[in-house]
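A look at the structure
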Amino acid sequence: MSAKAASPDLETAYRLFFESTSDAAFVVPMPEGRLPGPFVEVNKATCDLLGYSREELLKLAPQDLHHVPLPTDLWQSMHRDLEEHGVARFERVLRSYDGRQIPVEINCRLFWVEGERFGIAIARDLSERMISERILRDRQRELSALLNASEQMAALVTPDTRILQINRVGAERFGAASADELIGKRIIDLSPESIRDNRRDIARRVVENHESVVFEDFRSGMYLHHTVNPVLDDDSKVTRFAIYSEDITVGYIRRNVDAILNSVDRHILAGDSLHQLIADCCARLQTVFRCPLVWFAPSSSLMTSGTHYFVGPLRESLSTGHISAYDSSLNEIETLQIASRDDQRFKSLFESLGDSSLKLLCLIPLQTADSRPGVLVLASQHPELFHRQEILRILDQVHNRLSVALEMVSEQQQLMLLRKALEVARNAMFIADREGRVVWTNRALVDSSGYSESEWVGCRLPMLSQSGDGSSESDDRWRKLRSGRVWSGETVERRKDGSEYTVLQSITPVTDSNGHISHFVSIQEDISERKRTEERMRYFAEHDPLTGLRNRHFLMTELRRLMSSGGFSRSEDRLALLYLDIDFFKPINDQHGHEIGDELLKAFGARLRKSVREHDVVSRLGGDEFVILLRPVQSLDTAYEVAGKILRSVRRPIRAQEMSFHITSSIGIAFMPSSSEVDPQELLRLADQALYRAKALGRDRCVAAELDEVHDAVPVTE
């Protein structure tokens, strides 16, 4: 490339650009095959960047400013790029006048002046970019360290489940040596085929609803609790999922095994047979441990019939004959053992089961003081579940508690052993004599009631006497107990501090050697929390959680009831729907935020509630839409009167978090005369149409639609 002398105007423009650019710019001679010569021109940005004056720089060559000498291979590569393309780009570290190291990106281009080669170069300071990159890397390392410190799986994925980041626990769960192996792969592709459709559906729900999804499942011998949280961008679009997956196996199994052992206590106190206890225990263990087969192989010392109990999908393919041949080997088990398929002692037993997916047998011998009742066997496809020390300790607890329970059943005359077992039970218990005086309590009853053992013992309980509280339920309980039958039911107990709690109580009469009732044994399970949960569920099934008003479900149910049964005592009674919202609520919500908006909705709902009668239904459908069911009304005029009262009420200032708002409302009225037969949804639609008519007429008013015939609305002006 050659250059002719530039015109003065063009030269001035070049000079202006050269001096005004914020990047360092300089011109150097570029002799062919040799290092660049001293600078022939530099701009002010070059002087500012390097700390030299222009005169000082014109005495130096670019290589004089390199922090380390320019490597030969880089120099040769730069020359090749210049020769072939006329331009070269590379990064170097320059040394400033005061010794600072300055990373730069240099773009150099060749040009010729009167036959001589020159290079014009732009050097961009990379210091801030490199600092930002270092900060980003540091934050990335800190985030990775934080995620890896968690004992639950954490992953950040795209909406199609492609992994962007995953912690150590997640990598281990998917069988990867490191998290880096999984980056870019899809979690769905790493998951079992059987759950992929379910995971796709969950991903779709998160994207569509912008809401977290929480669920649990069982895989690879683990009970897992998953939470999938959407990550939204500035446009409220889901761009990422944050997935947290916690291994809850130990806690889940511990809770359920505790429930099984509590059930064993209840079987004992209810006087159930050994057959009932073992059958129930096998069924519950099969469910908790996800075993294809659980069975109890008894010894003849306890059950002369030698009855086996089989539970699980494989039970149909087995019979007592298949197992009885191995009774001798099973009875050699003295402690809890885990046997794999290569255990020679049980090789033939595995073969007889006929299912190659079975990987392990958990053998739980049940022993009493002077006998060996039998062996409880859990056949599993998930050996990893039974290799956890925590699970083995829980199974050892099963071994100990079931052994004690069997001894209590077989030796019920040993009251001291029974008392010891009951003392550690989690359920509250007491024993009373035939007169209803308490003779023994366990620790759980003391803890739940607040009364000490000394306060309990000697106390006479009215519920165990003929007088009771005089109710029919009390009389029925007394008759049942006196006839020797077990009574069970819910009772409300009062603690020492006066508070009440609800228990599920079972009372079992105990007879002496002559067959006469000598004692009563009570076992109580505190179900207060369950009752409160049920009450909350009933409440939220019919109420709006924000305002406490009735919800759409209750409104529509009540409408159907009134409209199907005529639900009024007088023939002239009618019903009316008032469909209303807050005028210009969205701008208020957008400007002041959802928290203020929610407070305004609650205050608005309270105004509505105070503006109508106690038996009228005030409901919130969602957002700022409310519906009032007036029941009964005699005429449309009555509905107008109520609507006017509401309009006047809401015009008064409403306070929300120290702010005062002057709002208005628009109301649509749907009035149903006696001759009308209309679906509740149609009545609601008519009220909605009237509301939008009110808005079209200027808001802060009410408009009615009266039904002459089904689906025929006649607009009525304000």
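For the structure, see preceding data.
Residues numbered from 1 in each chain as written. Predicted model: local features only at pLDDT ≥ 70, side-chain atom pairs only at ≥ 80, totals over all residues. Heavy atoms only, no water.

1. Observations regarding the overall build of the protein chain
Short version of the rule: Comment: elements are numbered from the N terminus, with helices defined as DSSP H or I runs of at least four residues and strands as E runs of at least two. Note on areas: these come from Shrake-Rupley sampling with a 1.4 Å probe, and a residue is covered only by the protein chains present in the view.
Of the regular secondary structure elements, the protein chain holds 25 helices and 28 strands. Carbon and sulfur atoms make up 50% of the accessible area of the protein chain, which amounts to about 37,700 Å² in all.

2. Let's talk about the environment of aspartate 433
Worth spelling out the cut-off: Here, residues are in contact when the closest pair of their heavy atoms is within 4.5 Å. Between N or O atoms, a polar contact is any pair within 3.5 Å; within protein, one atom must be a potential hydrogen donor and the other a potential acceptor, and residues adjacent in sequence are included only when both atoms are from side chains.
Within the secondary structure, aspartate 433 sits in strand β16 (residues 428-433). With 86 residues separating them in the primary sequence, aspartate 433 and histidine 519 have C-alpha atoms 4.3 Å apart. Apart from the residues lying within four places of it in its own chain, the contact partners of aspartate 433 are Val439, Ser518, His519 and Phe520. There is a polar contact of 2.9 Å between the side chain of aspartate 433 and the backbone nitrogen of glutamate 435.

3. As for the sheet that holds strand β3 (residues 87-95)
Applicable threshold: In short, DSSP must find at least two bridges between two strands for them to pair. Axis lines are fitted through C-alpha atoms, for helices just across the contact stretch, and the angle between N-to-C directions can take any value from 0 to 180 degrees.
An order of β2-β1-β5-β4-β3 is seen for the five strands of this open sheet, with the pairing classed as antiparallel. Among the strands making up the open sheet, the edge pair consists of β2 (41-42) and β3. Pairing geometry for strand β1 (residues 24-29) and strand β5 (residues 116-125), over six bridges, is antiparallel. Each bridged residue has a counterpart across the sheet, and for alanine 24 the counterpart in β5 is alanine 123. Running over the sheet, helix α4 (residues 72-85) touches β3, β4 (101-113) and β5 and is turned about 145° from β3.

4. Quick notes on the pairing of strand β9 (residues 222-232)
Regular strands have side chains that alternate between both faces of the sheet. Pairing analysis gives seven bridges linking strand β8 (residues 213-219) to β9, with the strands arranged antiparallel. Counterpart to phenylalanine 215 in the pairing with β9 is histidine 226. Here β8 hands over to β9 after two residues, with serine 220 in that stretch at a positive phi of 50°. Here β9 runs beside strand β10 (residues 238-247); their pairing, made up of nine bridges, is antiparallel. Paired with valine 231 across the bridge in β10 is arginine 240. Hairpin geometry of β9 and β10 is characterised by an intervening segment of five residues between the two adjacent antiparallel strands and by a positive phi of about 60° at serine 236.

5. As for the packing of aromatic side chains
The way to describe two aromatic rings as a pair is by their centre distance and the angle between their planes. The line we're drawing: Working definition: a ring pair exists when centres of Phe, Tyr or Trp rings (six-membered ring for Trp) sit within 6.5 Å. Plane angles under 30 degrees give stacked, over 60 give edge-to-face, the rest tilted. By the criterion adopted, a ring carries a charge over it if an Arg CZ or a Lys NZ lies within 6 Å of its centre and within 35 degrees of its normal.
Counted according to the given criterion, the structure contains 10 aromatic pairs. On the numbers, 4.7 Å between centres and 55° between planes, the contact of phenylalanine 218 with tyrosine 223 is tilted. Taking the centre distance of 6.2 Å and the plane angle of 75° together, the rings of tyrosine 451 and tryptophan 456 count as edge-to-face. Taken together, Phe218, Tyr223 and Tyr252 form an aromatic cluster joined through their ring pairs. Here arginine 477 stacks its cationic end above the ring of tryptophan 487, 5.2 Å away from the centre of that ring. The aromatic ring of phenylalanine 584 is capped on one face by arginine 699, whose charged end is 4.3 Å from the ring centroid.

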